[in-house]
Amino acid sequence: MITVILVSHGGMAKGMVESTTMLIGEQPDLAFITFEPEDGVEDLTAKVEEKLKEALAGGEAIVMTDIPNGTPFNCVSRLMEHYRFRHLTGMNLPMVVDVVSQLGEDASAEQLCEGTLKPSREAMIDVNAWMKELGILE
């Protein structure tokens, strides 16, 4: 079993779980942790470590953080020194949906992470340029 844990500043991670649920249904192996203004670094690290231990007790874990070098990223990166799990940053909704929709398949956490990077990047589109290319906009 692979558990996906989303970690973000504010409510982004919660919103990602809600949006993923709208798109592909309830996902029991998808969790979120938010870093709120009143939280300290130690608080966030403790929350992530607790959820990570639960996930690793049942199999593998993929942790996704919102931005490189932010507090969630730094806390999760420090935990990588003590636990074996995959960590992706720059989380976006296509990335989350892509990984979570494949959780029941035979892929490992490593394979899921490697497989989602290109499609997640390709999901970012300059719509104005695209519509010009299609001849819809001048």
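Right above here is the structure, for reference.
Residues numbered from 1 in each chain as written. Predicted model: local features only at pLDDT ≥ 70, side-chain atom pairs only at ≥ 80, totals over all residues. Heavy atoms only, no water.

Comments concerning the nonpolar core
Consideration 1: Within the largest apolar cluster, 19 residues are counted, with the highest numbers of intra-cluster contacts made by Val4, Leu6, Leu30, Ile62, Met64, Met91 and Val96.
Consideration 2: Breaking this core down by element, the ones donating at least two residues are β1 (2-9), α1 (12-24), β3 (60-65), α4 (93-100) and α5 (109-122).
Consideration 3: Apart from the residues lying within four places of it in its own chain, the contact partners of Leu6 are Ala13, Met16, Val17, Leu30, Ala31, Phe32, Ile33, Met64, Met91 and Val96.
Consideration 4: Counting residues in each nonpolar core, the second largest holds 15 residues, with Leu44, Val48, Leu79 and Tyr83 among its members. (Core = buried A, V, L, I, M, F, W, Y, C linked by side-chain atoms within 4.5 Å. Buried < 20%, exposed > 50% of the residue type's maximum accessible area, 1.4 Å probe, protein only. Helix = DSSP H or I, 4+ residues; strand = E, 2+ residues; numbered from the N terminus. Contact = heavy atoms within 4.5 Å.)

As for the pattern of salt bridges
Consideration 1: Taken as a whole and judged by the stated rule, the model has 3 salt bridges.
Consideration 2: With a shortest N-O distance of 3.1 Å, Lys47 and Asp39 are connected by a salt bridge.
Consideration 3: Taking relative accessible area as the criterion, Asp39 reaches 17% and is therefore assigned buried.
Consideration 4: Put simply, Glu54 and Lys51 hold a salt bridge, and the shortest N to O gap is 4.0 Å. Residue Glu54 and its partner Lys51 are both found in helix α2 (residues 41-57); the two are separated by 3 residues, about one turn of the helix.
Consideration 5: Since its relative accessible area comes to 48%, Glu54 is described here as partly exposed. (Salt bridge = Lys/Arg side-chain N within 4 Å of Asp/Glu carboxyl O.)

Quick notes on the layout of surface pockets
Consideration 1: Considering only enclosed or pocket space, the largest pocket measures out at about 200 Å³ in volume.
Consideration 2: For the lining of the largest pocket, the secondary structure elements donating two or more residues are β3 and α5.
Consideration 3: For the lining of the largest pocket, the per-class residue count stands at 5 nonpolar, no polar and 4 charged. (1 Å grid on protein atoms, 1.4 Å probe; cavity = no way out; pocket = protein on both sides within 12 Å on 5 of 7 lines; lining within 4 Å. Points joined across faces, edges and corners; volume = space filled by probe spheres on them. Nonpolar A, V, L, I, M, F, W, Y, C, P; charged D, E, K, R; others polar.)

Brief notes about the side chain of Asp39
Consideration 1: Along the chain, Asp39 turns up in the loop between β2 (30-35) and α2.
Consideration 2: At 3.1 Å, the side chain of Asp39 and the side chain of Lys47 are in polar contact. (Polar contact = N/O pair within 3.5 Å; in protein donor to acceptor, adjacent residues only side chain to side chain.)

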